[in-house]
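Topology and contacts: notes
These are the residues of each chain, in order.
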Amino acid sequence: MSWNYEIKDEGTTVEELLRKEWGLGKKVVHEMRMAKSVKNEKFQEIIWKEPLAKGTILVFDLPPADSPYEPKHDVELPILFEDEHFVVASKPKGMKTHPNEVGQIDTFINAILGHIVRNGGTYAEHVHRLDQGTSGLLMVAKHPVAKNVLDRLLEQKLLVRDYEAVVKGRVPNKTGTIDVKLGRDRHHPTRRVASPTGQSAVTHYKVAKQLEGKTLLHLTLETGRTHQIRAHLAYLGHPIIGDELYGGSPTQDGAYHLHAFRMSFIHPFTEEKIVVEDTSR
């Protein structure tokens, strides 16, 4: 895996780029140093603590990294964005994000690794997750440095994820924020409930359309807790229709409508604004 990067600020060192700007962990940086993964455009070694001129071209050359997953080659998923660093693809409703047990390969990450392997790659790791019953956009890193950088974007709330949900009843406020801590429900192994001792969780919403007896909401995650949107909407008194775990009325097919339809961020390596939308429902 190799790519070029242009130094944006006068005097930046390789060490500062990797540790401060990209937020890479000590282990990844050490491995890159040992592998001599950073050179100049003449493929000469660079002193990592030496200030570099603005416009200096760095060449990153990473050794192949192995993925802990097994590639699945007979499932093609919609790819909505891809470059040498990551893939944004659409997960269908009913598919798990990743395996939960040994030998399980019918998941999103197995299918995406199959796509990557067929195109000459070796590594895939999801940056975030979607519940099995939730459809839409997921981001996958194609090398460990990208995984580190994208983890930082997620932690710093720079990876904006927008969802839509069809909920019970008429939501009276056009916009709102649900800032309610979530913890495990001691009466149920997987459900999450409002808890003063739980993890902080913040969801912003706005009404997209009022329907008969229900509302179409657009929601933006500020945090990414397990079942966050589902639990927050139940707390609001407007559970997602079909989400029986959280009090939603049943649907004919047993499914609920929660779809990750948009993702936006500043590309960490090119500094371009990237907006990916999935209009499939």
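Residues numbered from 1 in each chain as written. Predicted model: local features only at pLDDT ≥ 70, side-chain atom pairs only at ≥ 80, totals over all residues. Heavy atoms only, no water.

Digging into the nonpolar core
Formed by 35 residues in total, the largest nonpolar core has its most connected members in Trp22, Met32, Phe60 and Val145. Considering every element that reaches this core, the biggest residue donor is helix α4 (residues 144–155), with five residues. Those residues in contact with valine 145 that lie beyond four places of it in its chain are Trp3, Trp22, Leu24, Val28, Met32, Leu62 and Phe269. Ala165, Ile178, Ile240 and Ala260 belong to the second largest nonpolar core, which has 31 residues in total. (Core = buried A, V, L, I, M, F, W, Y, C linked by side-chain atoms within 4.5 Å. Buried < 20%, exposed > 50% of the residue type's maximum accessible area, 1.4 Å probe, protein only. Helix = DSSP H or I, 4+ residues; strand = E, 2+ residues; numbered from the N terminus. Contact = heavy atoms within 4.5 Å.)

Digging into the pattern of salt bridges
Inspection of every chain in the model, using the stated rule, returns 13 salt bridges. Between lysine 36 and glutamate 45 there is a salt bridge, and its shortest N-O distance comes to 3.5 Å. Given the relative accessible area of 53%, glutamate 45 is considered exposed. The residue aspartate 106 makes a salt bridge to lysine 72 at a minimum N-O spacing of 3.1 Å. (Salt bridge = Lys/Arg side-chain N within 4 Å of Asp/Glu carboxyl O.)

Quick look at the packing of helix α1 (residues 14–21) against helix α2 (residues 26–34)
Where α1 meets α2, the closest approach of the two axes is 10 Å, and the angle between their N-to-C directions is 155°. When the axis of α1 is compared with that of α2, the two are roughly antiparallel. Between α1 and α2 lies a crossing of right-handed hand. Residues Glu15, Leu18 and Arg19 of α1 form the contact with α2, whose participating residues are Lys26, Val29, Met32 and Arg33. (Axes fitted to C-alpha atoms, helices over the stretch in contact; angles between N-to-C directions. Parallel < 35°, antiparallel > 145°, perpendicular 65-115°, else oblique. Left-handed = near helix turned anticlockwise from the far one by under 90°.)

What to know about α4
Taking 1.5 Å per residue, twelve residues should reach 16 Å; α4 reaches 17 Å between its end C-alpha atoms and fits that length. The complete set of buried residues in α4 reads Val145, Ala146, Lys147, Val149, Leu150, Arg152 and Leu153. Immediately beyond the C-terminal end of α4, within one or two residues, lies lysine 157, with a positive phi of roughly 60°. (Expected span 1.5 Å × (residues − 1).)

Topic: the environment of aspartate 185
Topologically, aspartate 185 is positioned in the loop between β10 (182–184) and β11 (192–194). Sequence separation between aspartate 185 and leucine 154 is 31 residues, and the spatial gap between their C-alpha atoms is 26 Å. In this view, aspartate 185 contacts Arg191, Arg192 and Val193; residues no more than four positions away in its chain are not counted. There is a polar contact of 2.9 Å between the side chain of aspartate 185 and the backbone nitrogen of histidine 187. (Polar contact = N/O pair within 3.5 Å; in protein donor to acceptor, adjacent residues only side chain to side chain.)

Description of the sheet that holds strand β2 (residues 38–40)
The antiparallel open sheet is built from three strands, whose spatial order is β1-β3-β2. A single partner strand is all that each edge strand has here, and the edge strands are β1 (2–6) and β2. Going from strand to strand, the sheet's axes swing by 30° on average, the running direction of each strand aside. Two elements, β2 and strand β3 (residues 57–61), share three bridges in a ladder whose sense is antiparallel. By the bridge assignment, asparagine 40 is partnered in β3 with leucine 58. (Pairing = 2+ DSSP bridges.)

A look at the packing of aromatic side chains
The description of an aromatic ring pair rests on the distance of the ring centres and on the angle between the ring planes. Tallied over the entire structure, the rule returns seven aromatic pairs. Within the aromatic cluster, the residues linked to one another by ring pairs are Trp3, Tyr5, Trp22, Phe60 and Phe269. For the cation-ring pair, lysine 8 lies above tyrosine 5, with the distance from its terminal atom to the ring centre recorded as 4.1 Å. The ring of tyrosine 256 has lysine 93 lying over it, and the distance from NZ or CZ to the ring centre is 5.9 Å. (Phe/Tyr/Trp six-rings, centres within 6.5 Å; stacked < 30°, edge-to-face > 60°. Lys NZ or Arg CZ within 6 Å of the ring centre and 35° of its normal.)

Notes on the pairing of strand β13 (residues 214–221)
Sheet topology places strand β8 (residues 160–168) next to β13; seven bridges connect them, and they run antiparallel. What sits directly across from valine 166, in β13, is leucine 216. Taken together, strand β12 (residues 202–211) and the strand that follows it, β13, pair antiparallel across an intervening segment of two residues, in which glycine 213 is found at a positive phi of about 75°.

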